[in-house]
Amino acid sequence: ASMKLDIVALIPARSGSVRIPGKNIRALAGHPLIAYTIAAAWESGAFARIVVSTDSTEYAQIASCYGADMIVRPAELAQADTPDYAWVRSALTKTSGGVTGDAFAILRPTSPFRQVATIRRAVELWTVRGRDADSLRAVELVSQHPGKMWRRLSDWQMVPLLLFASGGTPWHSSQTSTLPEVYTQNASLEMAWIDTVFEQHTIAGGVVIPFVTEGHEGFDLNTPEDWEYCEWLIATGRAQLPAINRA
């Protein structure tokens, strides 16, 4: 049976993007990138609170314009190599003015095509199945199968990344259509119990529900080329951004 949960949305927005400077607040179709994630989170009606975790007062001001609360992230938790677990735990720690609730969702600003419907579908799956799991994570079918990948040992030798065979045939010599379906995580959405963080010291835990994204829901902006492709998707109508009802 589904249950009514107290879920908080956490939107990570550190300021130090290298490949696309100022990525999280860069203008996309008339609004800063982060606005689309805040708008979809609000419109979904799924969250008790929507909180942006940032190390930047400028980012915090922009986020509040679009209706999000903010949690100041200390500089040491806003490095390029900061693991998700560290800033999530910080945001959820009650003693530091953190958020409370049953569960949390991580919605990264770099997935602007994550729709209201995407979030509602994930939350519905979580409310029905979450009791038997530690977390949920967005995934999509891989475009390059790991069964065809190799690890280079030296200049003159490599070995298959995955040492499996279908029948007697190694995966790397099999037709891709005969290989098992493999999914890769995308960055658009994760959910977990708050207890998972404090009891298992991880944001994933052991039992992870797959949430399969469709179309461009899981699209992730990392490079300048991604940004150009994103603008092309919008211009050609191949992908839609969530509506923003604010000036």
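In every chain, residue numbers begin from 1 and rise along the written sequence. For this predicted model, a pLDDT threshold of at least 70 governs which residues receive local features, and a threshold of 80 or more governs which side-chain atom pairs are given and counted, while totals over whole chains, interfaces and linings are taken from all residues. Only hydrogens and water are set aside when side-chain values are computed; all heavy atoms of the structure are taken into account.

1. Points about helix α3 (residues 84-92)
Selection criterion: Only protein chains enter the accessibility calculation, which uses a 1.4 Å probe; a residue is then buried when its area is under 20% of its type maximum, exposed when over 50%, and partly exposed in between. A run of DSSP states H or I qualifies as a helix once it reaches four residues; a run of E qualifies as a strand once it reaches two. Both are numbered from the N-terminal end. Whether two residues are in contact is decided by their heavy atoms, any of which lying within 4.5 Å being enough.
For α3, the full list of buried residues reads Tyr85, Ala86, Trp87, Val88, Ala91 and Leu92. Buried-residue contacts for α3 involve β1 (7-12), β4 (49-54), β5 (69-72), β6 (103-106) and α5 (194-200).

2. What to know about the confidence of the model for the protein
Defined as follows: Known as pLDDT, the predictor's confidence for each residue is given on a scale from 0 to 100.
Here the protein averages 91 in pLDDT, while 96% of its residues score no lower than 70. Taken element by element, the protein is modelled with least confidence in strand β10 (residues 165-166), mean pLDDT 72, and with most confidence in strand β13 (residues 208-212), mean pLDDT 98.

3. Looking at the pattern of salt bridges
Our working rule: Here a salt bridge means any side-chain nitrogen of Lys or Arg lying within 4 Å of a carboxyl oxygen belonging to Asp or Glu.
Applying the stated criterion to the full structure yields seven salt bridges. For Glu190, the salt bridge is made with Arg108, and the minimal N-O distance between the two is 2.8 Å. Of this pair, Glu190 sits in strand β12 (residues 183-193) while Arg108 sits in the loop between β6 and α4 (116-129), and the two are 82 residues apart along the sequence. Taken individually, Glu190 and Arg108 each receive the classification buried, so the pair is uniform in this respect. For Arg121, the salt bridge identified is with Glu214, shortest N-O distance 3.8 Å. Here Arg121 is found in helix α4, whereas its partner Glu214 is found in the loop between β13 and α6 (224-235), with 93 residues between them in sequence. Residues joined in a network through salt bridges with shared partners are Asp84, Arg108, Arg137 and Glu190.

4. Examining the sheet that holds strand β7 (residues 135-141)
Heads up, the rule is: Strands were regarded as paired on the criterion that DSSP finds at least two bridges between them. Axis definition: a line fit to C-alpha positions, over the contact stretch in the case of helices; interaxial angles, taken between N-to-C directions, run 0 to 180 degrees.
One open sheet accounts for seven strands, arranged β5-β4-β1-β6-β12-β7-β13; its pairing is mixed. The sheet is open, and its two edges are formed by β5 and β13, each paired on a single side. Sheet twist, expressed as the mean angle between neighbouring strand axes with direction ignored, is 30°. Here β4 runs beside β5; their pairing, made up of four bridges, is parallel. If you follow Val51 over to β5, its bridge partner there is Asp69.

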